[in-house]
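# Coordinate inspection notes
Spelled out, the chains give:
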Amino acid sequence: MEPLSLLKSREKKTVTRLTKNSKLFKTIIQAILDKKGENIISLDLRKIPEASADFFIVCEASSTTQIKAIADYVEDQAKKLCGEVPYRHEGKQAAQWVLIDYINVVVHVMHPEARNFYKLEEMWSDAASQMHES
């Protein structure tokens, strides 16, 4: 049992590695900022047992053209920088609310009227939230 006792005296490293999910999370936020998405908020759902994902990222854009541009750029950057493709995406045709599902991170790009109607932030109000600005 000599080797196990050595673990107690081993020096602990304080360097934290960037996990795949946190890299994906940061890439998505930056992609939204690059395309001028507005009112960007992330909801940390990890402590909510009913949640289907670890994070929701919600933003809005004032036109269908901008909603499509943000959604396309998020997918492009996630693939290029993280090697991630979405499990599913919905809503690109109508472009009022585009949902991009990366399993652990779900992105919602919404028109302001749709965002006010569905009130995702209120529905998940027990989640920790953070605003993201450029």
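As a reminder, the structure under discussion sits directly above these lines.
Please read these numbers as outputs of a predicted model, since none were measured by experiment.

For the rest of this paragraph, the subject is the overall build of the chain. If you tally the helices and strands in the chain, you get 5 helices and 6 strands. When the helices and strands of the chain are placed in sequence order, the string is α-α-β-β-α-β-β-β-α-α-β. For the chain, the exposed area adds up to about 8,900 Å²; of that, 52% sits on carbon and sulfur atoms.

Let us look at the nonpolar core. Ranked by size, the top nonpolar core spans 25 residues in total, and within it Ile28, Ile32, Ile57, Val74 and Tyr102 carry the most contacts. Breaking this core down by element, the ones donating at least two residues are helix H2 (20–34), strand S2 (55–60), helix H3 (64–82), strand S4 (97–101) and strand S5 (105–110). Broken down by element, this core gets its largest block of residues, 7 residues, from H2. Core analysis: the next-biggest nonpolar cluster, separate from the first, contains 14 residues, Leu43, Ala53, Val58 and Trp124 among them.

Another point: the packing of aromatic side chains. If you walk through the whole model with that rule in mind, you get 4 aromatic pairs. The interplanar angle of 50° and the centroid separation of 4.9 Å between the aromatic rings of phenylalanine 25 and phenylalanine 55 together place this pair among those described as tilted. With phenylalanine 25 in helix H2 and phenylalanine 55 in strand S2, this pair connects stretches of sequence that are 30 residues apart. The burial state of phenylalanine 25 is the same as that of phenylalanine 55; both residues are buried. A ring pair is formed by phenylalanine 56 and tryptophan 124, whose centres lie 5.7 Å apart and whose planes are at 80°; its orientation type is edge-to-face.

Here histidine 108 lies in strand S5. A distance of 3.1 Å separates a polar atom in the side chain of histidine 108 from a polar atom in the side chain of tryptophan 97.

Time to look at the pattern of salt bridges. Taken as a whole and assessed by the stated rule, the structure comprises 6 salt bridges. With a shortest N-O distance of 2.6 Å, arginine 46 and aspartate 44 are connected by a salt bridge. On the basis of relative accessible area, arginine 46 is assigned to the exposed category, the value being 53%. Arginine 115 serves as the salt-bridge partner of glutamate 60, at 3.2 Å between the closest nitrogen and oxygen. Within this pair, whereas glutamate 60 is found in strand S2, its partner arginine 115 is found in helix H4 (residues 112–118), the two being separated by 55 residues in sequence. By relative accessible area, which is 11% here, glutamate 60 ends up buried. Classification of arginine 115 as buried rests on a relative accessible area of 8%.

Another aspect to go through is the sheet that holds S5. As summarised here, the arrangement of the 6 strands in space is S3-S4-S5-S2-S1-S6, forming an open sheet in which the pairing is mixed. Each edge of the sheet is formed by a strand with only one pairing partner; in this case those strands are strand S3 (88–90) and strand S6 (128–132). Across the sheet, the axes of successive neighbouring strands diverge by a mean angle of 15°, strand direction being ignored. Taken together, the 6 bridges between S2 and S5 define a ladder with parallel strand orientation. Its bridge partner being in S5, phenylalanine 55 is matched across the sheet by valine 105. Docked against the sheet, H3 engages S2, S3, S4 and S5, running at close to 10° with respect to S4.

The rules behind the values
- Residues numbered from 1 in each chain as written.
- Predicted model: local features only at pLDDT ≥ 70, side-chain atom pairs only at ≥ 80, totals over all residues.
- Heavy atoms only, no water.
- Helix = DSSP H or I, 4+ residues; strand = E, 2+ residues; numbered from the N terminus.
- Areas by Shrake-Rupley, 256 points an atom, 1.4 Å probe, with all protein chains shown as cover.
- Core = buried A, V, L, I, M, F, W, Y, C linked by side-chain atoms within 4.5 Å.
- Buried < 20%, exposed > 50% of the residue type's maximum accessible area, 1.4 Å probe, protein only.
- Phe/Tyr/Trp six-rings, centres within 6.5 Å; stacked < 30°, edge-to-face > 60°.
- Polar contact = N/O pair within 3.5 Å; in protein donor to acceptor, adjacent residues only side chain to side chain.
- Salt bridge = Lys/Arg side-chain N within 4 Å of Asp/Glu carboxyl O.
- Pairing = 2+ DSSP bridges.
- Axes fitted to C-alpha atoms, helices over the stretch in contact; angles between N-to-C directions.
- Contact = heavy atoms within 4.5 Å.

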